[in-house]
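An overview of the molecular structure
Each chain is listed here by its residues.
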Amino acid sequence: MSLTELARKKSPWVIHVGTGGCNGCDIELLACLAPRYDISRFGVMSTGNPKHADIMLVVGPVSLKYKEIIKNLYDQMPDPKVVIAVGTCASTGGIYQGCYGHCGSVDKVIPVDVYVPGCNVRPEAIIDGLVLALDILNEKERKLLSEKKGAA
Ligand code: SF4
């Protein structure tokens, strides 16, 4: 395991993005960051800057007003990066499917790596999703490094 891989596994930086849901999943995600579930005890750092983030946690379906914003945030994240769709709305569009002001699930706008079901989603499920995301992140890192070696 490389030093970067080890460091990231011990301290992934996450950015929380709410794209227009009902706030139910947002509150559960905030519970993960607050003292009750406190994911920072596992080394997870919350950041508001996409340029520092390894993992994007997206809550809610993507509203039309948020479409360009989420694309922009995603593009600013350095590679490798992982996106987690948190909750049913983010994963499938949920109750907002076909709604005039929304484009539906997050994967209609940016690539999604992990889907965490639930309406509203439970903090334990979000933590499971994060653990899965770390493996995917490290897999992407390995692929990126071997591509760089191959190109050299
Ligand atoms: S999945 Fe349920 S709780 Fe979460 S944003 Fe959608 S409607 Fe709200």
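Just so you know, these numbers come straight off a predicted model, no measurement behind them. (Residues numbered from 1 in each chain as written. Predicted model: local features only at pLDDT ≥ 70, side-chain atom pairs only at ≥ 80, totals over all residues. Heavy atoms only, no water.)

1. A short note on the UniProt feature "domain: NADH:ubiquinone oxidoreductase-like 20kDa subunit" (unreviewed entry) in the chain
- Mapped onto this numbering, the UniProt entry gives "domain: NADH:ubiquinone oxidoreductase-like 20kDa subunit" (unreviewed entry) at residues 22-131.
- The annotated region residues 22-131 carries 31% helix and 18% strand content, and the separation between its end C-alpha atoms amounts to 25 Å. (UniProt positions renumbered as here; feature names shortened; annotations may be inferred. Helix = DSSP H or I, 4+ residues; strand = E, 2+ residues; numbered from the N terminus.)

2. Points about the pattern of salt bridges
- As enumerated under the stated definition, the model contains 5 salt bridges in all.
- Among the salt bridges present, the one from Glu124 reaches Arg122, with a minimum N-O distance of 3.5 Å.
- You can call Glu124 partly exposed: its relative accessible area is 37%.
- We note a salt bridge from Glu139 to Arg142, for which the minimum N-O separation is 3.0 Å. Here Glu139 and its partner Arg142 are both found in helix α5 (residues 123-151), 3 residues apart, which amounts to about one turn of the helix.
- Judged by its relative accessible area of 41%, Arg142 is partly exposed. (Salt bridge = Lys/Arg side-chain N within 4 Å of Asp/Glu carboxyl O. Buried < 20%, exposed > 50% of the residue type's maximum accessible area, 1.4 Å probe, protein only.)

3. Regarding the nonpolar core
- Core analysis: the biggest nonpolar cluster contains 22 residues, and Ile55, Leu57, Ile84, Val86, Ile126 and Leu130 have the highest contact counts within it.
- When residues of this core are traced back to their parent elements, those giving at least two are α2 (24-33), β3 (55-59), β5 (82-86), β7 (114-116) and α5.
- Tallying contributions element by element places α5 first for this core, with 6 residues.
- Not counting the four nearest positions on each side in its chain, Val86 is found in contact with Cys25, Leu57, Val58, Val59, Gly60, Val116, Val121 and Ile126.
- One finds Val17, Leu73, Met77 and Val112 within the second-largest nonpolar core, a separate group that totals 17 residues. (Core = buried A, V, L, I, M, F, W, Y, C linked by side-chain atoms within 4.5 Å. Contact = heavy atoms within 4.5 Å.)

4. Focus: the pairing of β3
- Summarising burial for β3: 5 of the 5 residues are buried, a large majority.
- The pairing of β3 with β5 spans 5 bridges and is parallel. Each bridged residue has a counterpart across the sheet, and for Met56 the counterpart in β5 is Val83. (Pairing = 2+ DSSP bridges.)

5. Points about the sheet that holds β7
- Taken in spatial order, the 5 strands make up an open sheet running β2-β1-β3-β5-β7, and their pairing is parallel. At either margin of the open sheet sits one strand with a lone partner, and together these are β2 (45-46) and β7.
- Against the sheet, helix α3 (residues 67-76) touches β1 (13-18), β3 and β5, its axis set at about 165° to β3. (Axes fitted to C-alpha atoms, helices over the stretch in contact; angles between N-to-C directions.)

6. A word on the site of the ligand
- Neighbouring residues of the ligand: Cys22, Gly24, Cys25, Thr88, Cys89, Ile95, Gly118, Cys119 and Asn120.
- Every element with two or more residues in the shell around the ligand is listed here: α2 and α4 (88-92).
- By residue class, the composition of the shell around the ligand is 5 nonpolar, 4 polar and no charged. (Near = heavy atom within 4 Å. Nonpolar A, V, L, I, M, F, W, Y, C, P; charged D, E, K, R; others polar.)

7. Notes on the pairing of β1
- Where β1 and β2 come together, 2 bridges link them in parallel fashion. Opposite Val14, over in β2, you have Ser46 as the bridge partner.
- For the segment spanning β1, α2 and β2, crossover handedness is right-handed. (Right-handed = clockwise from strand over helix to strand, strands pointing away.)

8. Focus: the packing of aromatic side chains
- Summed over the entire model, instances satisfying the criterion amount to 0 aromatic pairs.
- Here the guanidinium or amino end of Lys81 rests over the ring plane of Tyr74, the centre of that ring lying 4.2 Å away. (Phe/Tyr/Trp six-rings, centres within 6.5 Å; stacked < 30°, edge-to-face > 60°. Lys NZ or Arg CZ within 6 Å of the ring centre and 35° of its normal.)

9. Things to note about α2
- Among all positions of α2, only Gly24, Cys25, Asp26, Glu28, Leu29 and Cys32 are buried.
- Looking at the buried residues of α2, the elements they touch are β1, β3, β5 and α5.

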